[in-house]
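Letter by letter, the chains look like this.
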Amino acid sequence: MLYLTEYIGGSAVRECYVHPLDRNLCVKVVKHKADLPELTREISVAKLLAPYLKDYIVRYDDGLVETDKGLGLVCELVRNEDDGELALSLAQYQERFGADDVEPELRKVLESLIRDNLFFYDFNRSNFVVKRMASGGKKVVFIDLKGFHKNHYMGFLKMERYIAPLARNIMFRRMRTLYRELNLSEFPLDSLCREKMFSSFWVDVRL
């Protein structure tokens, strides 16, 4: 059993801790047992999307582990290469430095989602971290995959799970909202969004 002591962040659903045996790993646990399926789902999403997003997501272990706070998900913890410190979330980075200098790296992540028809709807700034590289550059990493095909609204049919243009419309709108929240002057992927909007009718990649 792992005993989790070093808390590093969380949300309304989960808490994240440094792995007690390996400081380069993170352990995610849920606050309520009813949300436990979210952990196993995220592992499944990571396996499914690794071939598409291997440059932009962290590595996940295949199964859950026993901890003193219940079952936990183990994944890579993003640390800066230059000093070994935890990478800042995109929200934290924006507050300290603005987001202009990391926009090209963020654009790469979003462009990959658009080109490969991978539909996410939760673009919270805390779902990305900014990793400082040994070369002096920066890399944006997408660290929360549970939003894959999870559109939290009260509609009954949720047709965006099957009809790609509906999914694209929602995702593109929320990507633009992310850019506005980052105070970036323009959304640079409008042309690609128009090109892809009706490029296919059915959603292909989903759990």
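Refer to the structure printed above.
About the thresholds
Residues numbered from 1 in each chain as written. Predicted model: local features only at pLDDT ≥ 70, side-chain atom pairs only at ≥ 80, totals over all residues. Heavy atoms only, no water. Salt bridge = Lys/Arg side-chain N within 4 Å of Asp/Glu carboxyl O. Buried < 20%, exposed > 50% of the residue type's maximum accessible area, 1.4 Å probe, protein only. Helix = DSSP H or I, 4+ residues; strand = E, 2+ residues; numbered from the N terminus. Pairing = 2+ DSSP bridges. Axes fitted to C-alpha atoms, helices over the stretch in contact; angles between N-to-C directions. Contact = heavy atoms within 4.5 Å. 1 Å grid on protein atoms, 1.4 Å probe; cavity = no way out; pocket = protein on both sides within 12 Å on 5 of 7 lines; lining within 4 Å. Points joined across faces, edges and corners; volume = space filled by probe spheres on them. Nonpolar A, V, L, I, M, F, W, Y, C, P; charged D, E, K, R; others polar.

K.L.:
Before we move on, can you summarise the pattern of salt bridges with the specific residues and values?
P.N.:
Enumeration according to the criterion identifies 16 salt bridges in this entry. Note that Asp61 and Arg59 form a salt bridge whose closest N and O atoms lie 3.1 Å from each other. Overall, Arg59 belongs to the partly exposed group, its relative accessible area being 46%. A salt bridge links Asp83 to Arg132; its shortest N-O distance comes to 2.6 Å. Placement of the pair is Asp83 in the loop between strand S5 (70-76) and strand S6 (88-89) and Arg132 in strand S7 (residues 128-132), with a sequence separation of 49 residues. Classification of Arg132 by relative accessible area gives partly exposed; the value is 29%. What emerges from the salt-bridge pattern is a single network uniting Arg14, Lys28, Glu42, Asp144 and Lys146.

K.L.:
Describe the sheet that holds strand S8 (residues 138-142), naming the residues involved and giving the relevant values.
P.N.:
What the 3 strands build is an open sheet, ordered S6-S7-S8; its pairing is antiparallel. In this open sheet, the two strands that pair with only one neighbour each are S6 and S8.

K.L.:
So what's going on with the sheet that holds S5? Which residues, and what values?
P.N.:
Strand pairing in a sheet takes place through backbone hydrogen bonds and is either antiparallel or parallel in direction. Spatially, 5 strands are ordered S1-S2-S3-S5-S4 in an open sheet, and the strand pairing comes out antiparallel. The sheet is open, and its two borders are formed by strand S1 (7-10) and strand S4 (65-67), each paired with just one other strand. On average, each strand axis in the sheet is inclined to that of its neighbour by 35°, with strand direction left out of account. Here S4 runs beside S5; their pairing, made up of 3 bridges, is antiparallel. Bridge pairing in S5 links Thr67 to Gly70. Packing against the sheet, helix H1 (residues 37-53) makes contact with strand S2 (14-18), strand S3 (25-30) and S5, and its axis sits at approximately 25° to S5.

K.L.:
Describe the layout of surface pockets, and please don't skip the residues or the numbers.
P.N.:
When its volume is computed, the largest pocket comes out at roughly 690 Å³. Put simply, the parts of the chain that give the lining of the largest pocket at least two residues each are S1, S2, S3, S5 and S6. When residues in the lining of the largest pocket are grouped by element, the largest group, 3 residues, is from S1. Each residue belonging to the lining of the largest pocket can be placed in one class, and the counts come to 12 nonpolar, 8 polar and 6 charged.

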